[in-house]
Amino acid sequence: RYRKARPRFSRQRVCEPPVRVHLGPRLVASNSGIPTLVENYLVQQEKVVLSVRKHPGIFLSHCLLAASWCVVACLLTTVTSSPPVLGILWGGFFAVSILLAVRVIVWRETYFVATEMRLVFITGMKTKKAVSVPFREINKLDLHRTRIGRWAGYGEFVAEPARPNYIIPKMN
């Protein structure tokens, strides 16, 4: 009376248990929930080992600049009533805020991905740029972290080339 449900599509994706690599309180990488942006740059047989973004702490200087500019603009607004001065102050604040917003949008579209075959660094807001380095060209991949980096959840990946004359592209 009851039949087993048949799959609707002929090609179903096989779900594997997630491989988790704990890199700190904020950086946890897994192969489940891979963003579509990352999947677009992978070959069908590739499995993601690590997929992380840059640490959000890179915005600290921009946030401090925007906050200090806002405080100065508020203080000078109470002191002076000159429209050109106030226009320059608040215009500068909004320019710094827009710069911060653009940096956040670019950060959301930037990924560092390590697959079984290669390292991929994807960046760009409208036009994407992907830098790919195969693992055969890398002798060693280290994660360097300071004590504060361990506590805050950030570090720096350092790749050592396999050949002495091979230059690994910079992944900023």
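Residues numbered from 1 in each chain as written. Predicted model: local features only at pLDDT ≥ 70, side-chain atom pairs only at ≥ 80, totals over all residues. Heavy atoms only, no water.

S.K.: Help me understand the overall build of the chain, please; the structure alone is not making it clear to me.
M.R.: Helix and strand counts for the chain stand at four helices and eight strands. Going from the N terminus to the C terminus, the chain shows its helices and strands as β-β-α-β-α-α-β-β-β-β-α-β. Looking at the chain residue by residue over its 172 residues, the buried ones come to 27%. On the chain, roughly 12,800 Å² of surface is accessible, and the fraction owed to carbon and sulfur atoms is 60%. (Helix = DSSP H or I, 4+ residues; strand = E, 2+ residues; numbered from the N terminus. Buried < 20%, exposed > 50% of the residue type's maximum accessible area, 1.4 Å probe, protein only. Areas by Shrake-Rupley, 256 points an atom, 1.4 Å probe, with all protein chains shown as cover.)

S.K.: How do you make sense of the pattern of salt bridges when you look at a structure like this?
M.R.: Opposite charge on two side chains permits them to pair, given that their charged atoms come into close proximity. One pass over the full model with this rule turns up six salt bridges. Between glutamate 46 and arginine 118 there is a salt bridge, with the nearest N and O atoms lying 2.7 Å from each other. With glutamate 46 in the loop between helix H1 (36-39) and strand E3 (48-52) and arginine 118 in strand E5 (residues 118-123), this residue pair connects regions lying 72 residues apart in the sequence. The two residues glutamate 46 and arginine 118 agree in class, both being buried. For the salt bridge of glutamate 109 with lysine 128, the shortest nitrogen-to-oxygen distance reads 3.1 Å. Here glutamate 109, found in the loop between helix H3 (83-108) and strand E4 (111-115), pairs with lysine 128, found in the loop between E5 and strand E6 (129-134); they are 19 residues apart in sequence, far enough to count as distant. (Salt bridge = Lys/Arg side-chain N within 4 Å of Asp/Glu carboxyl O.)

S.K.: Mind showing me how you'd approach the pairing of E3 here?
M.R.: When a strand is regular, its side chains alternate between the sheet's two faces. Counting buried positions over the five residues of E3 gives four, a clear majority of the element. Of the pairings in the sheet, the one linking E3 to E4 comprises four bridges and is antiparallel in character. Bridge pairing in E4 links serine 51 to valine 113. (Pairing = 2+ DSSP bridges.)

S.K.: Got a minute to help me understand the side chain of arginine 118 in this structure?
M.R.: On the basis of relative accessible area, arginine 118 is assigned to the buried category, the value being 17%. A polar side-chain atom of arginine 118 sits 2.5 Å from the main-chain carbonyl oxygen of tyrosine 41. Reaching out from arginine 118, the side chain makes a polar contact with the side chain of glutamate 46 at a distance of 2.7 Å. (Polar contact = N/O pair within 3.5 Å; in protein donor to acceptor, adjacent residues only side chain to side chain.)

S.K.: Explain the confidence of the model for the chain to me, please; I cannot follow it from the model alone.
M.R.: Keep in mind that low pLDDT regions are not for reading the predicted coordinates in detail. Of all residues in the chain, 79% have pLDDT values of 70 or greater, and the mean over the chain is 78. Within the model, pLDDT remains below 50 along residues 1-31, and this stretch shows 43 contacts once partners closer than five positions in the same chain are excluded. (pLDDT = per-residue confidence, 0-100. Contact = heavy atoms within 4.5 Å.)

S.K.: So what exactly am I meant to see when it comes to the packing of aromatic side chains here?
M.R.: What characterises a pair of aromatic rings is the spacing of the ring centres plus the angle enclosed by the ring planes. In this structure the tally under the stated criterion is four aromatic pairs. Measuring from ring centre to ring centre gives 5.7 Å for tryptophan 90 and phenylalanine 93, while their planes differ by 90 degrees; the resulting arrangement is edge-to-face. Here tryptophan 90 pairs with phenylalanine 93, and both are found in helix H3, just three residues apart, close to one helical turn. According to the relative accessible area criterion, tryptophan 90 is partly exposed, its value standing at 25%. For phenylalanine 93, a relative accessible area of 15% puts it in the buried group. Put simply, the rings of Trp90, Phe93 and Phe94 touch in pairs and so form one group of aromatic residues. Directly above the ring of tryptophan 107 sits arginine 53, whose terminal nitrogen or CZ lies 5.2 Å from the centroid. (Phe/Tyr/Trp six-rings, centres within 6.5 Å; stacked < 30°, edge-to-face > 60°. Lys NZ or Arg CZ within 6 Å of the ring centre and 35° of its normal.)

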